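Coordinates in review
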Amino acid sequence: MDTEAPHTQRGHSSPDEGEGRSRFVVSGAGPAPGAEADTDAGAGTGPGSDPDPDPDSGKGGWLTWRRAGLLGVVCTVFLLLFSNFVLQPFLIPSRSMEPTLEVGDRVLVNKLVYRFEAGPERGDLVVFDGTGSFVREAPDGNPLGEALHGAASALGLAEPSDTDFVKRVVGVGGDDVVCDDKGRIKVNGVLLDEPYLFPGDSGSKVPFRVVVPLGSLWVMGDHRSQSRDSRDHLGEPGGGMVPVEKVIGRADWIGWPLSRWGEAGSAGGGRG
């Protein structure tokens, strides 16, 4: 015990240690670095703590899904506006324009072309509304169902409306179009070269002769034996003529399937 007493007294009375404690308190002005780190590390782990939220769950996740949904809506609206005014895909549901277009092809219809050009020309593939020429006035249906079908059709996901058709322009306003007894088509007395016809088909099996009124079109399918076109409406009001103002656009390209990608005008297009 005598040996420990002097050691204890030196610990409390040493001037060097007292000065050391004074210098530490003044220079540190706060907790020791080790103590401060321990305090930070323990934050949020005790009762009543508020840990950082997980960005992939809760409100953060909900905001992410909302943004994705909003982006989807914006993209859909953009595509609908684009197809309504600029370029619209049309699904081909029939064989009326083979071999030019096959069932399931999607043609891209240029809706701007006739705003900058004089109008449809012979040989053009035109998409048109056949109401009043190829079909009678459509009865009123379910507005919601028609709107949904129209949107799907505008995106090329559904068949076109029953009143929409794609045919080849054979005669324009003022043309004298004739099918002679040999099945050959002549326009203004000139024999029409039709390399796009389906193999084995003639120009027409039924002879006819028409003069196309100004502002109208005489249209026919490339697969003549499978196409219901202007020939089938000769005895009806309008005589099978399609008013130019009913033309929606020109079918310029085959967009799908990719194996058939290319210009549609070089081959044709149709709906019958």
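For the structure itself, look to the data block above.
In this report, the structure presented in the accompanying data block is examined.

Reading guide: rules and limits
Residues numbered from 1 in each chain as written. Predicted model: local features only at pLDDT ≥ 70, side-chain atom pairs only at ≥ 80, totals over all residues. Heavy atoms only, no water. Helix = DSSP H or I, 4+ residues; strand = E, 2+ residues; numbered from the N terminus. Buried < 20%, exposed > 50% of the residue type's maximum accessible area, 1.4 Å probe, protein only. Pairing = 2+ DSSP bridges. Phe/Tyr/Trp six-rings, centres within 6.5 Å; stacked < 30°, edge-to-face > 60°. Lys NZ or Arg CZ within 6 Å of the ring centre and 35° of its normal. Polar contact = N/O pair within 3.5 Å; in protein donor to acceptor, adjacent residues only side chain to side chain.

**Here we look at the overall build of the chain**
Along the chain, the regular secondary structure elements total 6 helices and 12 strands. When the 272 residues of the chain are sorted by exposure, 35% land in the buried category.

**Section: the pairing of strand 4 (residues 164–171)**
In terms of burial, strand 4 is largely enclosed, as 8 of its 8 residues are buried. Note that strand 4 and strand 9 (residues 216–220) share 3 bridges and pair antiparallel. If you follow Gly171 over to strand 9, its bridge partner there is Trp218.

**Section: the packing of aromatic side chains**
Within the structure shown, the criterion is met by 4 aromatic pairs. With 5.1 Å between their ring centres and 35° between their planes, Phe208 and Trp218 make a pair best called tilted. Separated by 10 residues along the polypeptide, Phe208 in strand 8 (residues 208–211) and Trp218 in strand 9 bring together distant segments of the chain. Phe208 sits in the buried class, given a relative accessible area of 7%. Put simply, the rings of Phe128, Phe134 and Phe165 pair up and form one aromatic cluster. The ring of Tyr196 is capped by Arg168, whose NZ or CZ atom sits 3.7 Å from the centre of that ring.

**Notes on the sheet that holds strand 8**
With antiparallel pairing, 4 strands are arranged side by side in an open sheet as 7-6-5-8. One side of each edge strand has no neighbouring strand; the edge strands of this open sheet are strand 7 (190–191) and strand 8. Here strand 5 (residues 176–179) pairs with strand 8 via 4 bridges, running antiparallel. Considered in strand 8, the bridge of Cys179 is made with Phe208.

**Here we look at the side chain of Thr100**
Note that Thr100 resides in the loop between strand 1 (87–91) and strand 2 (106–110). Of the polar contacts made by the side chain of Thr100, one reaches the side chain of Asp222; its length is 2.7 Å.

**What about the environment of Arg184?**
Turning to its location among the elements, Arg184 is positioned in the loop between strand 5 and strand 6 (185–187). Sequence spacing of Arg184 and Gly203 is 19 residues, and the spatial spacing of their C-alpha atoms is 5.1 Å.

Geometry only, nothing functional implied.
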